[in-house]
Amino acid sequence: MASVSVPAERPGGLLRRPHATTGFWAWFTTVDHKKIGILYGITAFAFFLIGGTEALLIRVQLARPDQTFLDAAVYNELFTMHGITMVFLVVMPLSAAFFNYLLPLMIGARDVVFPRLNAFSYWAFLFAGLFIYSSWFLGGAPNGGWFGYAPNSVIDPTRGMTFYAIGLLIAGIASTVSAVNLAVTVLNMRAPGMTLFRMPVFVWMGLVVQLLLAFSLPVITIGLVELLFDRLFGTHFFDVSAGGSPVLWQHLFWLFGHPEVYILVLPAMGIVSEILPVFARKPLFGYQFVVFSGIAIGFIGFGVWAHHMFAVGLGPVANTAFAVSTMIIAIPTGVKIFNWLGTLWNGDIRFTTPMLFSIGFIAMFVIGGLSGVMHAVVPSDYQQTDTYFIVAHFHYVLFGGAIFGLFGGMYYWWPKVFGRMLSETAGKLNFWLMLIGFNMTFGPMHILGLQGMPRRIQSYPESLGLAFWNMVSTIGSFVIAISVLVFLVNAVASFRKPKQMEADPWDARTLEWATSSPPPEYNFEEIPVVHSRDDLWHRKYAETEGGRVVPVAAGGSGEGTYPDGAGHAAQDGAGHAGGHAIHMPSPSYFPVIAAAGLPVLGYGLLFGVPAVAVGLVITLAGFFGWALEPSAE
Amino acid sequence: MRRRTVVVLGLVALALVAAACAPNATQSALEPKGPEAQKSYDLFVPVFWVAVVIFFVVEGLLVLFVIRYRHRKNATRIPPQVHGNTRLEIAWTILPAVILAGVAVPTIATIWDLAAKPTGDILEVNVLGHQWWWEFDYPDQQILTANELHIPTGKPVYLTLCAVGFGYGAPVPSEGGPPAPSACQGPPDQPPPAAIGASVIHSFWVPELAGTQDVVPNQTNHLTIQADVPGVYEGQCKEFCGLSHTYMKFTVVAHTPDDFQRWVAEQQAPTPVPEPGSDAAAGLEVFLSRLPSGGGCTDCHAIAGIEGPNGQPILNNGGPNLTHLMSRQCFRGCTLATTDANLRRWMEDPSAIEAGSFMPDYGLSAEQLDQLVAFLNTLE
Amino acid sequence: MATLEHSAAAPVTDHAATSTGLPHLKLAMWLFLASDCLLFGALISTYVLYRGASTVGPYPADVFDIPYTSVSSFVLLASSLTMVLALAAIQRGDVGRSRVWLLATALLGMTFLGGQVYEFTSFVREGLTLKTNVFGTSFYVLTGFHGTHVAVGVLMLLTVFTLSFAGKINQDSSMTVELVGLYWHFVDIVWIVIFTVVYLIPTGSPAGG
């Protein structure tokens, strides 16, 4: 790894900045977006394994009628934690991993706008996840569902839902702060010549997602605060006997919750929009439509929240309005599918693992989208809501959609990030097992829902005739588990390979492939000047008068090698651009410290005021150190 | 090879569909047995088939493109770099919009249809959701029962849905308290009684007769159900409501109109007095007494015509009204059949059967249990 | 041989080269404030939803002292004026004047907070606490969040005031003052909304007469 040039003067004392570049301390104090991205990825994947285990336990319990393998209390904790984990601790941070690593590279920047704030976001997320999971050992995990409907979530006497509220508040701080950071990065740090409409679609989706986060998280923040106050301080936000309304919780939750589902799926849509053109060897079909539909989804996404509440009794006017808005949002969502099909049409398709996952994404998302439209038909939703039909829908869009897209992204960018390829053979095995296992698990749930199986029940009687498809679903879940194991083995094995990767192994189109694999700490020797969309591709290929596409290489470096002078990993390891050293921000302790105070504060709210004071002091000390430590320059 | 794949896929699909129509499913939304459920179903089916067509078209194109445009060995051409086709893209934006508009119109019509209160000869019943059982109050017939909702066929039944209950916060009252208000509304000029304050959201769902509506504290929702033919229709709570949500079931028992009148008369019949000196009489004593562990049955359970220990009618309904208990096939959230063995098991250790149960374990002796069972058996 | 064109290497912290032309911190502050709008939107919506829903008193008409709160609102509004003057001074390079106006803003802010504390203690004495009814619950949490924002703003003002003595605040670094000013004006505008919606618009007769 390139070494970093350090400032000439290094003031002593507490505020001296750390300077490790390798080993544990380097990771602990890093402010480098690439390292932070990897940290997000590893942490999210660890939570994926835990959340998946929770799912397997649920499926074992439901494999046969009337089982008593898990009692009611544990079962309720398991499905609650499975939901919280997958939404907040897996898909969101896995998307954050990709955004963190790739957004600066794709726009030709050296890092994000506020690197220490970036580190803070990661550590706050990690501490939030650990905090929520510590509840298993400290009085019981959250057990009121990931959606925590009041009054049930208020009156539950175990500590779990307090852990839920505090943990998600901490995670919310992490995400809000990160959203501002990444949005400003995309808006303000683009390389010269990169107008908004020359940005890769993945960057566009990134921008939309950050804005969705910034505007939806405050709403659930208030909901969680109100829940916390009702639980801890005897307030009456959702207390019916004092005139409060439990429906208020639902409004606040879903005003966040619906944009949240687009936060969960738009990154994967961005990934697919990058992968398809590379392996079909032609540009994304209808870039502007895809970008505009992403923006439209962002806006309209704030206007459909009560479609999660059709059976609450809001009245026919509200139900009609939200049915219509929900149908409207199906249009930009569906349009993207046709654009992706258009990208494949007349292409030269190579079935690499990332391409397989992207095609799988399209296939599965279509199913999830169609069942979603069925829910918009309100009178049918009265039958579908709160049944396994809904469970099927959202797993098709969140697993068949988001997770498949994220796995495709992992296979695609693995060589860039780690300097090695994942095995294609194992990758294909991973894909096919996952596709089959996924459909076995969640396909039958459509049937189960329509045949009368509600959600969140720990068992069902023999007489309802639900046994067969439940057993199929359980078997499918174990096939998924095997496919994830295959991925793990593939990942670990890849590190045995030597770290020798060209800059552009896939013959790709976007700027991250213009620098070495992995990139140096400063990303690019020289910040590129951008002349078009897919700038890298246009530097490699041009069109002849006859419309044929030919390589531009006049010195015969051949396909796949990086252009000389840009991003070439300098032999001596030190970044030099135009003759002077590239200063990158120094590492820092203070983001970790500032983040560490938050769970302490949380434990204080649960167990005793002194910890609240301690937590506040730690966080404030962290912020003061952060403000006062010497800067990188 | 492609043709065989298609045939195989088709057969698989057919087999799946056949298996899906399980004959013994009794909570199926696909087997409407009344006009309300039929309306939901009649909207679902055409939308489903439209979705199936779209599925085959889109997935078909995907499969077609992926096969047709796959990279062939030795091919070196880079395909023409087509950036889009504005007219095509506009067309495939307008087409889904048109389809959705077509779906929206009957959807909206049905929303309003289902929301309207039925007119003419209807039966009105109040449905009260407790943790974790269903109570049914017939204001016109002065019947209060639980677990089984009896209705006549061929007539709309207009349900008023309310959430009631002790919940975790309020303790089981140790003396007489107010009854659940009828029509789910307390006196308009007073705050709701404390028993309602700690209740949670439930959802009333009997899929063969109607879609669901939630049961929300401090809100009065309505649902119309109607059965075409006599029978027993299964239902359960659909909104997660705590520890024993899974076991909050009920049945709707539909009778011919004559049989329904007979049921009403049976429910309105006075409660028989047990023979003095019998086990049943002893059981009645146990029922009315203050038990050594504190409290007693009458803290929560009322029986029409039986006066409490203070000589007044019992007004509590924290637990199901036990009048004519043995006329019901099921109890305990309709998860246990009303047999002697089950009644005994339940009274002996409620928490072992219902997680988080609010029915205390009164530490009843074997003799007391036998007597109570004998007494309950008289409540026909 | 294909090459990417080069530009002069731009260190991460280069102020001049931003794609929108807006400095990073300013863009970030605007985005943060936009996000904060939704925070207060949710709180104000809660308050409005529960208007008239309290089942027991005291009710707003029983406790509100509109003249008093008008004075403290005026104090906060005045602090926005002094904030503007502080920014104008530093942009002229007049650190001393700017310092005065910054301190004045902080003092006015603290006066406002003091006024709130006094107001709330008198409400509590009249029987309105967080737990009394939904009015107390939604009122205190809404104004509490706002008061916390004001307190953070006062801290920022005092910090900038202190840093000005160490020579850290001058005409070139006037953006720091501008950012604090943006935040401060936002907090002020939120108060105008709260004052109007909560205090000035009368609540109809409470539930139950």
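Computed from a prediction, not measured in an experiment: that's the story for all the values here. (Residues numbered from 1 in each chain as written. Chains lettered and ligands numbered in written order. Predicted model: local features only at pLDDT ≥ 70, side-chain atom pairs only at ≥ 80, totals over all residues. Heavy atoms only, no water.)

Here we look at the interface of chain A and chain B
This is how the line gets drawn: Any pair of residues with heavy atoms lying within 4.5 Å of one another is described as a contacting pair. Two parts placed together each lose some accessible area under a 1.4 Å probe, and adding up what both lose gives the buried area. Whenever a carboxyl oxygen of Asp or Glu lies within 4 Å of a side-chain nitrogen of Lys or Arg, that contact is scored as a salt bridge. Pairs of N or O atoms within 3.5 Å make up the polar contacts considered here, provided that, within protein, one atom can donate a hydrogen while the other can accept it, and that residues adjacent in sequence are counted only when both atoms are side-chain atoms. Secondary structure elements are defined from DSSP: runs of H or I of at least 4 residues count as helices, runs of E of at least 2 residues count as strands, and each element is numbered from the N terminus. Residues are grouped as follows: Ala, Val, Leu, Ile, Met, Phe, Trp, Tyr, Cys and Pro are nonpolar; Asp, Glu, Lys and Arg are charged; every other residue, Gly included, is polar.
Contacts between the two partners involve 97 residues from chain A and, on the opposite side, 91 residues from chain B. Approximately 8,100 Å² of surface area, both sides summed, lies buried where chain A meets chain B, with 67% of it carried by carbon and sulfur atoms. A salt bridge links R456 of chain A to E239 of chain B; its shortest N-O distance comes to 4.0 Å. The interface formed by chain A and chain B includes 26 residue pairs in polar contact (both at pLDDT 80 or more). Of the residues forming the side of chain A that touches chain B, the biggest block, 15 residues, is contributed by helix α10 (residues 316-344) of chain A. Along the lines of polarity and charge, the residues of the side of chain A that touches chain B split into 59 nonpolar, 27 polar and 11 charged.

Re a nonpolar patch on the surface
All names here are of chain A. Filter applied, for reference: Two distance rules govern patches: like charges are joined within 9 Å, and nonpolar side chains (Val, Leu, Ile, Met, Phe, Trp, Tyr) within 5 Å, applied only to residues with over 30% relative accessible area and no salt bridge. The Shrake-Rupley method, run with a 1.4 Å probe sphere, supplies the accessible areas, and residue values consider only the shown protein chains as cover. The buried label applies to any residue whose accessible area, calculated with a 1.4 Å probe on protein chains only, is under 20% of its type's maximum; exposed applies above 50%, and partly exposed to all values in between.
Together, L616, L620, F623, F624 and L628 make up an exposed nonpolar region whose accessible area comes to about 480 Å². By the element assignment, L620 lies in helix α18 (residues 609-628). On the accessibility criterion, L620 (45% relative accessible area) is partly exposed.

As for the nonpolar core
The cut-off we apply is this: Take the buried residues of types Ala, Val, Leu, Ile, Met, Phe, Trp, Tyr and Cys, join any two whose side-chain atoms come within 4.5 Å, and each joined set is a nonpolar core.
In terms of nonpolar packing, the biggest core is built from 322 residues, with F407 of chain A, L149, I151, L159, F204 and I225 of chain B together with F139 of chain C touching the most fellow members. Here the element with the most residues in this core is helix α3 (residues 72-106) of chain A; it accounts for 22 residues. Excluding residues that lie within four positions of it along the chain, F407 of chain A makes contacts with F45, F48, F357, N430, M434 and F487 of chain A. Ranked by size, the runner-up nonpolar core spans 26 residues in total, among them A302, I306, L369 and L379 of chain B.

So, the packing of α3 of chain A against helix α13 (residues 388-418) of chain A
Residues and elements named next belong to chain A. Heads up, the condition is: A fitted line through C-alpha atoms represents every axis, and for helices the fit uses only the stretch in contact; the resulting angles, taken between N-to-C directions, go from 0 to 180 degrees. Crossings are classed by handedness, with left-handed meaning an anticlockwise turn of the near helix from the far one by less than a right angle and right-handed meaning a clockwise turn.
Between α3 and α13, whose axes approach to 11 Å, the crossing angle comes to 35°. Remark: the crossing between α3 and α13 carries left-handed chirality. Listed contacts from α13 to Y75, H82, V91, L94, S95, F98, Y101, L102 and M106 of α3 are Y388, H395, A402, I403, L406, G409, M410, W413, K416 and V417. Taken together, the residues that form the contact of α3 with α13 break down as 14 nonpolar, four polar and one charged.

A look at the sheet that holds strand β4 (residues 148-152) of chain B
All names here are of chain B. Let me state the cut-off plainly: Only strands joined by at least two bridges in the DSSP assignment are considered to pair.
One open sheet holds the five strands; their spatial order is β4-β10-β9-β6-β7, and the pairing between them is mixed. One side of each edge strand has no neighbouring strand; the edge strands of this open sheet are β4 and β7 (213-215). On average, each strand axis in the sheet is inclined to that of its neighbour by 25°, with strand direction left out of account. Direction of pairing for β4 relative to strand β10 (residues 249-255): parallel, over a ladder of five bridges. Note on β10: the bridge partner recorded for E148 is T251. Its contacts with the sheet place helix α5 (residues 257-268) against β4 and β10, and it is angled at close to 135° to β4.

Some points on unusual backbone geometry
The phi torsion of most residues other than glycine is negative, and most of the peptide bonds are trans. Residue and element names in this part refer to chain A. In this chain, A150 is followed by P151 through a cis amide linkage whose omega measures -5°. Within the secondary structure, P151 sits in the loop between α4 (115-134) and α5 (152-155). In this structure, N346 takes a positive phi of about 60° despite not being glycine. Considering the arrangement of structural elements, one finds N346 in the loop between α10 and α11 (353-376). Look at N523: it is not a glycine, yet its phi comes out positive at around 70°. Mapped onto the fold, N523 is located in the loop between α15 (467-494) and β1 (528-529).

Topic: the pattern of salt bridges
Residues and elements named next belong to chain A. What the rule picks out here adds up to 23 salt bridges over all chains. K540 serves as the salt-bridge partner of D507, at 2.7 Å between the closest nitrogen and oxygen. Taken together, the residues D507 in the loop between α15 and β1 and K540 in helix α16 (residues 535-540) connect sequence positions 33 residues apart. Residue D507 is classed as buried on the basis of its relative accessible area of 3%.

Structural notes on the environment of L322 of chain B
All names here are of chain B. Take L322: it is sitting in the loop between α6 (279-288) and β11 (330-331). A relative accessible area of 11% places L322 in the buried class. In sequence terms L322 and T145 are 177 residues apart; their C-alpha atoms lie 7.3 Å from each other. Once residues lying within four places of it in the same chain are set aside, the contact partners of L322 are F287, H301, A302, I303, R328, L376 and L379.

Here we look at the packing of aromatic side chains
Geometry of an aromatic ring pair is reported as the spacing of the ring centres plus the angle between the planes. Here is the rule: Note on aromatic pairs: the rings of Phe, Tyr and Trp (six-membered ring only in Trp) are paired at centre separations within 6.5 Å, and the planes decide the class, stacked below 30 degrees, edge-to-face beyond 60, tilted for the rest. Look at NZ for Lys and CZ for Arg. If either is within 6 Å of the ring centre and within 35 degrees of the ring normal, a charge sits over the ring.
Inspection of the entire model under this criterion finds 104 aromatic pairs over all chains. With centroids separated by 4.9 Å and ring planes inclined at 70°, the aromatic side chains of W305 of chain A and F322 of chain A adopt a geometry described as edge-to-face. Highlighted residues: W305 of chain A in the loop between α9 (287-300) and α10 and F322 of chain A in helix α10, separated in sequence by 17 residues. Ring centres of F120 of chain C and F123 of chain C lie 6.4 Å apart, and the angle between their planes is 35°; on these two criteria the pair is classed as tilted. Here F120 of chain C and its partner F123 of chain C are both found in helix α4 (residues 95-125), three residues apart, which amounts to about one turn of the helix. By the burial criterion, F120 of chain C is buried, and F123 of chain C matches it. Geometry around W27 of chain A places K35 of chain A over its ring, the cationic atom sitting 5.4 Å from the centre.

So, the side chain of S244 of chain B
Positionally, S244 of chain B belongs in the loop between β9 (231-237) and β10. A distance of 2.9 Å separates a polar atom in the side chain of S244 of chain B from the backbone oxygen of A355 of chain B.

Let's talk about the domain arrangement of chain A
Residue and element names in this part refer to chain A. For clarity, the cut-off: Marked domain ranges trace back to an automatic or database domain assignment.
Along its sequence, chain A is organised into domain 1 (30-503), domain 2 (512-570) and domain 3 (586-633). On the domain 3 side, the residues contacting the 19 residues of domain 1 number 18 residues. Its largest share of buried area at the contact with domain 3, domain 1 owes to R116, F120 and F127, together 35% of the area lost on that side. Scanning the region where domain 1 abuts domain 3 turns up one salt bridge. One salt bridge in this structure joins E629 and R116, with 2.6 Å as the shortest N-O distance. Our count for the domain 1 to domain 3 interface comes out at three residue pairs in polar contact (both at pLDDT 80 or more). Breaking the side of domain 1 that touches domain 3 down by element, the ones donating at least two residues are α4, α6 (160-188) and α7 (201-233). It is α4 that provides the largest number of residues to the side of domain 1 that touches domain 3, a total of nine residues.

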